[in-house]
Amino acid sequence: MTEPGTASGVTEGTGTPVVSLRQVRKVYASAAGPRTALADITFDVARGEFACVVGPSGAGKTTLLRCLAGLMPPTSGEALFEGAPLRSVPDGIGVVFQDYGRSLFPWLTVARNVELPLRVRRVQRAARGERVAEVLASVGLADAGGQYPWQLSGGMQQRVAIARALAYRPDLLLMDEPFASVDAQTRFELEDLILRVRDEFGVTVVFVTHDIDEAIYLADRIVVLSRSPGRVAEIVGVTLPRPRDQIATKADEAFARYREHLLGLVMSRR
Amino acid sequence: MGRALTRVWLLAVLFLAWWLWSAGSKSLYFPPLSSILKAVWDQWVTGPARAELSSSLEHLLVGYGIAAVAGIGLGAALWSLRYAREATAPYLYFLYVLPAPVLVPAALTLFGIGFTMKVVLIAFAALWPTLLNTLDGMRGVDAVKLDTSKVLGLSRARNMFQVVMPAASPQIVAGLRNSLQVAIILMVVSEWEASSDGIGYYLSNAQQSFDYTGMWSGIIVLAIIGIVANLLFVAAENRVLRWHYGQRAVEGVSR
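Here is a short report on the structure shown in this document. Treat the numbers as computed from the prediction; the structure is a model and nothing was measured. (Residues numbered from 1 in each chain as written. Chains lettered and ligands numbered in written order. Predicted model: local features only at pLDDT ≥ 70, side-chain atom pairs only at ≥ 80, totals over all residues. Heavy atoms only, no water.)

So, about the overall build of chain B. Counting secondary structure elements, chain B contains 11 helices and 0 strands. Reading chain B from its N terminus to its C terminus gives the helix and strand order α-α-α-α-α-α-α-α-α-α-α. Overall, the C-alpha framework of chain B stretches about 75 × 50 × 30 Å when taken along its three principal axes. Evaluated residue by residue, chain B yields a buried proportion of 42% over its 255 residues. Of the contacts made within chain B by residues no fewer than 6 positions apart, 71% connect residues no fewer than 24 positions apart. If you sum the accessible surface of chain B, you get close to 13,800 Å²; carbon and sulfur atoms cover 68% of it. Computed over 18 positive and 13 negative side-chain charges, the separation of the two mean positions in chain B equals 10 Å. (Helix = DSSP H or I, 4+ residues; strand = E, 2+ residues; numbered from the N terminus. Buried < 20%, exposed > 50% of the residue type's maximum accessible area, 1.4 Å probe, protein only. Contact = heavy atoms within 4.5 Å. Areas by Shrake-Rupley, 256 points an atom, 1.4 Å probe, with all protein chains shown as cover. Lys, Arg positive; Asp, Glu negative; His and termini not counted. Charge placed at Lys NZ, Arg CZ, Asp CG, Glu CD.)

Below, the structure is given as structure tokens:
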């Protein structure tokens with residue numbers, strides 16, 4: 001099926017979803033009184049799924065991701081990771097932030113950055129070295145371990161951040177507009193990279209972006225948030241064939257139909 | 001090499017000028033530089049003032065060491081304990097701006113004129129720049145770095161030592177440098193005011209006994225201590241903050 005269609009928010013099937021959000025609501029206190037960032041968010045993400053969250057700016061995308069990561073509790077409702085409520089960041093979640101320059105530790109070399117979560121998890125020294133080499137190789141940075149992050153280009157730095165998030169083999173990878181600050185060509189390369197490592201590591205991905213083309217290209221399912229306060233406007237299943245290809249997939253007629261449908265949703269004043 | 005030359009030539013010229021200008025001086029207050037340098041050698045290198053030099057360095061090292069460790073430790077503790085920080089903040093700045101030499105009489109009454117009084121005074125005065133810079137530096141640590149630390153699963157201790165301290169280290173080092181200057185000043189002042197040893201004691205003695213050659217020699221020794229301490233500090237700083245200067249150079253910020 002290549003027609004855009006509404007998919008169910010709640011996954012059917014037997015396995016516990018990796019992520020479950022139930023009526024998640026987030027209200028911030030501000031000088032001008034309480035501000036609702038997320039009004040009512042309910043959806044699941046199944047194991048192995050690649051879910052994108054899109055929405056206009058101010059729809060609460062980053063707030064949603066922080067709730068998903070366990071960095072921030074929802075005001076009401078429930079955020080579950082593998083069936084358990086999130087109280088802090090669980091071991092099985094990796095996060096890639098938008099701003100690699102702020103997220104990587106400039107006082108550590110690339111290899112040390114990637115190694116840090118392994119040290120925390122008390123992985124033996126020899127195993128750490130192997131794992132770091134393996135994960136750096138899979139993001140195409142086999143030879144960059146001894147350099148400092150700031151000696152690398154922006155795209156390469158974001159690869160380091162991805163490698164660090166994957167090093168401890170999380171079940172869930174959360175990405176917050178990770179490619180928003182790199183140039184277009186690097187962005188395409190990184191999109192293909194993330195699809196490849198997702199297969200290689202068998203990780204479930206929730207990917208926040210404001211770029212509709214990027215969401216269609218990457219996702220199995222797209223959660224569209226409405227304008228502030230954020231609620232789920234629609235959940236769109238993307239059935240474009242895999243493996244996807246920057247030129248062929250984006251030239252597909254079905255891609256254009258998804259695009260039209262999603263643009264309509266994101267631009268609407270609802 | 002060229003850079004070293006740029007920095008040294010003016011000093012050489014000034015010394016030469018001083019040497020020539022004071023060469024035949026009969027003035028009591030401005031003895032010839034040659035006799036001052038001779039006094040530096042006879043008194044401080046081979047002579048009896050060596051004891052004053054070593055006790056001054058001892059005061060400085062112990063006092064500054066305490067200030068550095070306590071400054072970073074207390075700064076980190078206040079950063080971690082929000083309540084304590086908010087309760088103490090106004091007093092910290094008050095103590096910071098209080099000129100430490102006025103504490104000499106109080107320190108004298110409390111600790112007498114011995115080693116303890118000087119070390120306490122140096123440590124107390126030199127504490128504040130490091131403490132406040134540590135606290136400020138830690139408060140300025142990027143929220144994304146703290147989030148990253150949580151996401152990677154760092155414990156509180158690891159977060160402190162492997163993220164917060166390194167992230168704040170440029171500012172901590174600036175505080176330590178400031179503290180070093182304060183420590184040197186307080187070393188002299190505490191020895192000058194009330195003591196039976198140290199360079200400050202020697203200076204005050206020389207001045208009171210009209211030994212102006214000796215006084216000038218002490219001043220030169222102090223200048224040398226200041227220069228050497230600064231050189232050592234810069235060497236250590238360049239090692240510890242190599243990543244920081246490397247990053248800034250890449251980002252196009254000149255030193």
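This brings us to the interface of chain A and chain B. Opposite the 23 residues of chain A that make contact, chain B presents 21 residues. Together chain A and chain B conceal approximately 2,100 Å² of surface at their shared face, both sides included; 67% is due to carbon and sulfur atoms. The three residues of chain A that bury the most area against chain B are Arg102, Trp107 and Trp150 of chain A, which together make up 35% of that side's buried surface. Among the salt bridges present, the one from aspartate 147 of chain B reaches arginine 66 of chain A, with a minimum N-O distance of 2.4 Å. Linking chain A with chain B are 6 residue pairs in polar contact (both at pLDDT 80 or more). For the side of chain A that touches chain B, the secondary-structure elements that each account for two or more residues are β6 (93-96), α2 (100-103) and α3 (110-120) of chain A. (Buried area = accessible area lost by both parts, 1.4 Å probe. Salt bridge = Lys/Arg side-chain N within 4 Å of Asp/Glu carboxyl O. Polar contact = N/O pair within 3.5 Å; in protein donor to acceptor, adjacent residues only side chain to side chain.)

Residue and element names in this part refer to chain A. Of the consecutive residues arginine 242 and proline 243, the connecting peptide bond is found in the cis state with omega at -5°. Tracing the backbone shows proline 243 in the loop between β10 (230-237) and α8 (248-251). Positive phi, close to 50°, is recorded for glutamate 82, a residue that is not glycine. In this structure, arginine 169 takes a positive phi of about 50° despite not being glycine. As for its position among the elements, arginine 169 is in the loop between α5 (154-167) and β7 (172-176).

All names here are of chain A. Within the secondary structure, arginine 159 sits in helix α5. The class of arginine 159 is buried, set by a relative accessible area of 16%. In terms of polar contacts, arginine 159 uses its side chain to reach the backbone carbonyl oxygen of valine 139, at 2.9 Å. In contact with arginine 159, not counting residues within four places along its chain, are Val139, Gly140, Leu141, Glu189, Leu190 and Leu193.

With that settled, consider helix α9 (residues 199-208) of chain B. Residue and element names in this part refer to chain B. Within the sequence span of α9, burial applies to Ile199, Gly200, Tyr202, Leu203, Ser204 and Ala206. Contacts made by the buried residues of α9 are with α2 (33-45), α3 (50-80), α8 (156-193) and α10 (212-240). Following α9 by one or two positions, phenylalanine 210 has its phi on the positive side, about 55°.

Time to look at the layout of surface pockets. Residue and element names in this part refer to chain B. Space inside the largest pocket adds up to approximately 430 Å³. As for the largest pocket, its lining consists of 18 residues, of which Leu57, Ile225, Val228, Ala229 and Leu232 are closest to the centre. Secondary-structure elements contributing two or more residues to the lining of the largest pocket are α2, α3, α8 and α10. Considering each element in turn, the lining of the largest pocket owes the most residues, 8 residues, to α10. Here the residues of the lining of the largest pocket are counted per class, giving 18 nonpolar, no polar and no charged. Of the voids in this model, the second largest pocket is the one considered here, and its volume is about 330 Å³. What lines the second largest pocket is simply Trp79, Ser80, Ala143, Leu146, Asp147, Ser149, Lys150, Leu154, Arg156, Ala157, Asn159 and Met160. Those elements that provide at least two residues to the lining of the second largest pocket are α3, α7 (143-151) and α8. Of the residues that constitute the lining of the second largest pocket, the class distribution is 6 nonpolar, 3 polar and 3 charged. (1 Å grid on protein atoms, 1.4 Å probe; cavity = no way out; pocket = protein on both sides within 12 Å on 5 of 7 lines; lining within 4 Å. Points joined across faces, edges and corners; volume = space filled by probe spheres on them. Nonpolar A, V, L, I, M, F, W, Y, C, P; charged D, E, K, R; others polar.)

In this section: a nonpolar patch on the surface. All names here are of chain B. Nonpolar side chains collect at one region of the surface, where Leu11, Phe15, Leu16, Trp19, Leu20 and Leu37 lie side by side and expose about 580 Å² of accessible area between them. Tallying contributions element by element places helix α1 (residues 2-22) first for the nonpolar patch, with 5 residues. Summarising the element assignment, leucine 20 is placed in helix α1. (Patch = residues over 30% accessible without salt bridge, like charges linked within 9 Å, V, L, I, M, F, W, Y side chains within 5 Å.)

Residues and elements named next belong to chain A. As enumerated under the stated definition, the model contains 25 salt bridges over all chains in all. Its salt-bridge partner being glutamate 177, residue lysine 61 comes within 4.0 Å of it at the nearest N-O pair. Of this pair, lysine 61 sits in helix α1 (residues 61-69) while glutamate 177 sits in the loop between β7 and α6 (184-201); the two residues are 116 residues apart in sequence, bridging distant segments of the chain. Look at the salt bridges and you will find they share partners, linking Arg187, Glu191, Asp211, Glu214 and Lys250 into a network.

Residues and elements named next belong to chain B. α2 packs onto α1 with a crossing angle of 115° between their chain directions and a minimal axis gap of 8 Å. Between α1 and α2, the angle is such that the two are roughly perpendicular. Seen from α1, the contacting residues are Phe15, Trp18, Trp19 and Ser22; seen from α2, they are Leu33, Ser34, Ile36 and Leu37. Residues that form the contact of α1 with α2 fall into these classes: 6 nonpolar, 2 polar and no charged. (Axes fitted to C-alpha atoms, helices over the stretch in contact; angles between N-to-C directions. Parallel < 35°, antiparallel > 145°, perpendicular 65-115°, else oblique.)

Residues and elements named next belong to chain A. Applying the stated rule across the entire model yields 12 aromatic pairs over all chains. Positioned above the aromatic ring of phenylalanine 105, the side-chain terminus of arginine 164 is 5.2 Å from the ring centre. Over the aromatic face of tyrosine 217 sits the side chain of lysine 250, whose NZ or CZ is 4.9 Å from the ring centroid. (Phe/Tyr/Trp six-rings, centres within 6.5 Å; stacked < 30°, edge-to-face > 60°. Lys NZ or Arg CZ within 6 Å of the ring centre and 35° of its normal.)

Below, the discussion takes up the state of the cysteines. Residues and elements named next belong to chain A. Throughout the structure, instances matching the rule amount to 0 disulfides over all chains. This cysteine, cysteine 52, is not joined by any disulfide, and cysteine 67 carries the nearest cysteine sulfur, 19 Å off. Cysteine 52 gets classed as buried once you look at its relative accessible area, which sits at 0%. (Disulfide = S-S within 2.5 Å.)

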